[in-house]
Amino acid sequence: MEAKTFDLISDLPGLVKEQILVHLPIKEAIRTRILSSKWRHTWVSIPELMIRNEDCLTCSKNEELILSTKFIQFMDWVFQVHSGSILKFSMCSDHFSSRAVDRWILTLSRKQIQQIFIGLDRYKMPSGFFMSHTLTHVYLEKCTVKLPAKFNGFKMLRELGLKYCIISEEHFEKLVSSSPFLENLSLELFNDFNMLRICSRSLRKFDFWGEFKYIHLDTPRLAKVCIRKFIPTYDMRYSSLVNDLECLKDVEMLDINKHFVMDLAKGGSINKLPIKFEKLKEIKIEINVEDQKEFDLSLDLFRSAPLLEHVWIKAYSSKTIASVVSANSFSADSRNYLFECLQTVSIFNLSASESALSLIQLVLVSAPALKKVVLSKINSSVFFNKLSQIEKLSKEAQIILC
Amino acid sequence: MADNGGKKITLKSSDGEEFEVPEVVAMESQTIRHVIEDVCAKNSIPLLNVNSKILSKVIEYCKKHVAAAEAAASKASTEEGTAAAASVTKPSDEDLKTWDAEFVKVDKGTLFNLILAANYLHIPGLLDLTCQAAADMIKGKSAKEIRKFFNLKNCISPEEEEEIRRENQWAFEEEKRTRAFDAYA
């Protein structure tokens, strides 16, 4: 059904042709205008503008890559003639002109811009950005963000991602709290905050990678949290660490990395956590199984989550070999609801040690609803044999090695 | 993949062939999802704009992506390094990307029919993938080459062409330098 003389492409719906052009470097997209009269106007109403390095750079006389002034002139013209809305704009480049980008963002603010991705080194977000009331998704990398005095928030913002950006604690807090529909917040490479404070009635998902000394979350709807710290923070009091966990007590999914765990485990001797994680169903945690404190902390966490269904543990080992860790203190307490709803446990990178055995044994004998235990990267048949000899509380439970 | 015998739905192509698929796979299409959720599912959904050859490819795509999503969800993600953000690249993404790249290695006619189907059925991932493939076919080609490749009817007058070149000078300039041998007749 492919006749040689059949024009395949020009009769595609306009929106589809625009989608194809969006995937081309801007120059090539524009050149399609001369293909035929049907293509002349497609580009002019393209709903997305993605500026890539290859678009805005040119070769100088000494073969260096520099910003092309002709590109800037051209984009100015584009913004003038473009008709309709521009819903998505992205620009990541090593070279750029602040004034030009300021102009373009101002124009975008009048073109119903919804999604914006800017990755420009130390670019100061212009006033036009803060006036873009239609923004729903914002991702900024390496930018500087300073809220204007009269900023009232992005009333339609749903997702916010800041990576390696410069923003003060105060402005960050205001940015988040003034966006009434913000659901997803992602902070990467954030290392300057003393107090990370987030107040949002709408926030559902929070991802953090960086450092903070203290955290305060006033987020009643927060369901999924992922916190990865760069390095453990020394010099902290246990009570503040408990506060850290306290503000996470209503989440449904918790994902924390080893540095955060190390911080939390510094609480000294086994202190049963005075917090109940009433809604927590999934935990992803990175622990050193050979370290008694971390072992106990993780069990504390599990014990405080009566509805816990799925656990993922990524085991890591430190240089010091601790004495054999045991879970005895927990099995003795019959009032705890440890693992009552637990269905699956997945452990990665576990070495075939006594501590590991002790942990898995605890799971097997306490979890009435257990369906499977998945262990990866263990190739000790001795270990597996010992495991298979443990009497499981849940008859359905399977141990899977992969 | 969870093969728990979930609800199945029948999709009927424009040329009368029927395809039974799990509901979750069919729901990759937002158009079909609307029909199932809002119009209260019938057992068989006729798709008048998609023929059987294309529909079977579309179903193949949806099945693969549903399976990949399920596999990713059951894997641990406590990876050192990047925080899980909207821009996360899951470990299985590489395999899926390779599969996607192979999936679009089809003849032009099929590709454009896939684009139309993805548009009609509202399957964003497939539309994006196929449009990228079409863009890749355009990339690097001169206007003459593009016209030839896609059998475009060149119904544009030389005056109009000259006007567009002038207007968009920047876009055509470098091309002249590097492709001096190409004639735009």
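Visitor: Teacher, can you tell me more about the overall build of chain A here?
Guide: Within chain A, the regular secondary structure consists of 14 helices and 16 strands. The buried share of chain A, taken over its 402 residues, is 55%. Relative to all contacts within chain A whose residues are 6 or more apart in sequence, the contacts with residues 24 or more apart total 61%. On chain A, roughly 18,400 Å² of surface is accessible, and the fraction owed to carbon and sulfur atoms is 51%.

Visitor: Sorry, what's going on with the overall build of chain B here?
Guide: Of the regular secondary structure elements, chain B holds nine helices and three strands. When the helices and strands of chain B are listed from N to C terminus, the series reads β-β-α-α-β-α-α-α-α-α-α-α. A total of 185 residues make up chain B; the buried ones form 41% of that total. Of all intrachain contacts in chain B linking residues separated by at least 6 positions in sequence, the fraction that spans at least 24 positions is 65%.

Visitor: Explanation requested: the sheet that holds strand β1 (residues 8-12) of chain B in the structure shown.
Guide: Neighbouring strands of a sheet are bound in pairs by backbone hydrogen bonds; such pairs are parallel or else antiparallel. Residues and elements named next belong to chain B. A sheet is described by the order of its strands in space; here three strands give the open sequence β2-β1-β3, paired in mixed fashion. The open sheet has two free edges, formed respectively by β2 (18-22) and β3 (44-46), since each of these has just one partner strand. Direction aside, neighbouring strands of the sheet carry axes that sit 30 degrees apart on average. Inspection of the sheet shows β1 paired to β2 by five bridges, in the antiparallel sense. Bridge pairing in β2 places K8 opposite P22.

Visitor: What should I look at first to understand the pattern of salt bridges in this one?
Guide: Side chains carrying opposite charge are able to pair once their charged atoms draw close together. This model, assessed by the stated rule, comprises 15 salt bridges over all chains. For K249 of chain A, the salt bridge is made with D250 of chain A, and the minimal N-O distance between the two is 3.8 Å. For K249 of chain A, a relative accessible area of 29% gives the class partly exposed. According to the relative accessible area criterion, D250 of chain A is partly exposed, its value standing at 30%. Here R33 of chain B makes a salt bridge to E37 of chain B, at a shortest N to O gap of 3.3 Å. Within this pair, R33 of chain B and its partner E37 of chain B are both found in helix α2 (residues 30-38), separated by four residues, close to a single helical turn. Ionic contacts of the salt-bridge type, sharing partners, join the residues R40 of chain A together with E160 and E163 of chain B into one network.

Visitor: Even after reading the chapter, I still don't get the environment of C56 of chain A, so can you show me in this structure?
Guide: Residues and elements named next belong to chain A. With respect to the element layout, C56 can be found in helix α4 (residues 53-56). Exposure remark for C56: the relative accessible area of 0% places this residue in the buried category. Sequence-wise, C56 and F208 are 152 residues apart; in three dimensions their C-alpha atoms are separated by 32 Å. With sequence-adjacent residues up to four places away left out, C56 is seen in contact with I51, I66, L67, S68, F71, S93 and H95.

Visitor: How do you make sense of the environment of I256 of chain A when you look at a structure like this?
Guide: Along the polypeptide, I256 of chain A turns up in strand β11 (residues 253-256). C-alpha of I256 of chain A to C-alpha of V363 of chain A: the two residues are 107 residues apart in sequence and 20 Å apart in space.

Visitor: Please clarify how unusual backbone geometry should be interpreted in this entry.
Guide: Excluding glycine, most residues fall at negative phi; most peptide bonds, likewise, are trans. Residue and element names in this part refer to chain A. Positive phi outside glycine occurs at L189, with the angle close to 55 degrees. Within the secondary structure, L189 sits in strand β8 (residues 184-199). Judged by relative accessible area, L189 falls into the partly exposed class, the value being 23%.

Visitor: Could you clarify how one ought to interpret helix α8 (residues 158-167) of chain B in this entry?
Guide: The α-helix winds at 3.6 residues per turn, so residues separated by three or four positions along the chain end up facing the same way. All names here are of chain B. When α8 is considered as a whole, its buried residues turn out to be E161, I164 and R165. Buried residues of α8, seen end-on, are gathered within an arc of 100 degrees and therefore sit on one face of the element. Looking at α8, the residues exposed on the side facing more than 90 degrees away from the buried face are E159 and R166.

Visitor: Got a minute to help me understand the pairing of strand β14 (residues 344-348) of chain A in this structure?
Guide: Two faces belong to every sheet, and in a regular strand the side chains alternate between them. Residue and element names in this part refer to chain A. Taking burial as the measure, the five residues of β14 include four buried ones, the bulk of the element. Sheet topology note: the strand β13 (residues 310-315)/β14 ladder contains five bridges and is parallel. Looking at the pairing, H310 lines up with T344 of β14. Summarising the sheet, β14 and strand β15 (residues 372-376) pair through five bridges and their orientation is parallel. Note on β15: the bridge partner recorded for S346 is V374. Note on the crossover from β14 through helix α13 (residues 354-366) to β15: the handedness is right-handed.

Visitor: So what exactly am I meant to see when it comes to the packing of aromatic side chains here?
Guide: Geometrically, a pair of aromatic rings is defined through the distance of the ring centres and the angle of the planes. Tallied over the full model, the rule gives 22 aromatic pairs over all chains. Ring-pair connections join several aromatic residues into one group, and the members of that group are F71, F79, F89 and W104 of chain A. Here the guanidinium or amino end of R122 of chain A rests over the ring plane of Y164 of chain A, the centre of that ring lying 5.4 Å away. In this structure, K108 of chain B is placed above the aromatic ring of F149 of chain B, and the distance from its NZ or CZ to the ring centre is 4.2 Å.

Definitions and cut-offs
- Residues numbered from 1 in each chain as written.
- Chains lettered and ligands numbered in written order.
- Predicted model: local features only at pLDDT ≥ 70, side-chain atom pairs only at ≥ 80, totals over all residues.
- Heavy atoms only, no water.
- Helix = DSSP H or I, 4+ residues; strand = E, 2+ residues; numbered from the N terminus.
- Buried < 20%, exposed > 50% of the residue type's maximum accessible area, 1.4 Å probe, protein only.
- Contact = heavy atoms within 4.5 Å.
- Areas by Shrake-Rupley, 256 points an atom, 1.4 Å probe, with all protein chains shown as cover.
- Pairing = 2+ DSSP bridges.
- Axes fitted to C-alpha atoms, helices over the stretch in contact; angles between N-to-C directions.
- Salt bridge = Lys/Arg side-chain N within 4 Å of Asp/Glu carboxyl O.
- Arc of directions from axis to C-beta.
- Right-handed = clockwise from strand over helix to strand, strands pointing away.
- Phe/Tyr/Trp six-rings, centres within 6.5 Å; stacked < 30°, edge-to-face > 60°.
- Lys NZ or Arg CZ within 6 Å of the ring centre and 35° of its normal.

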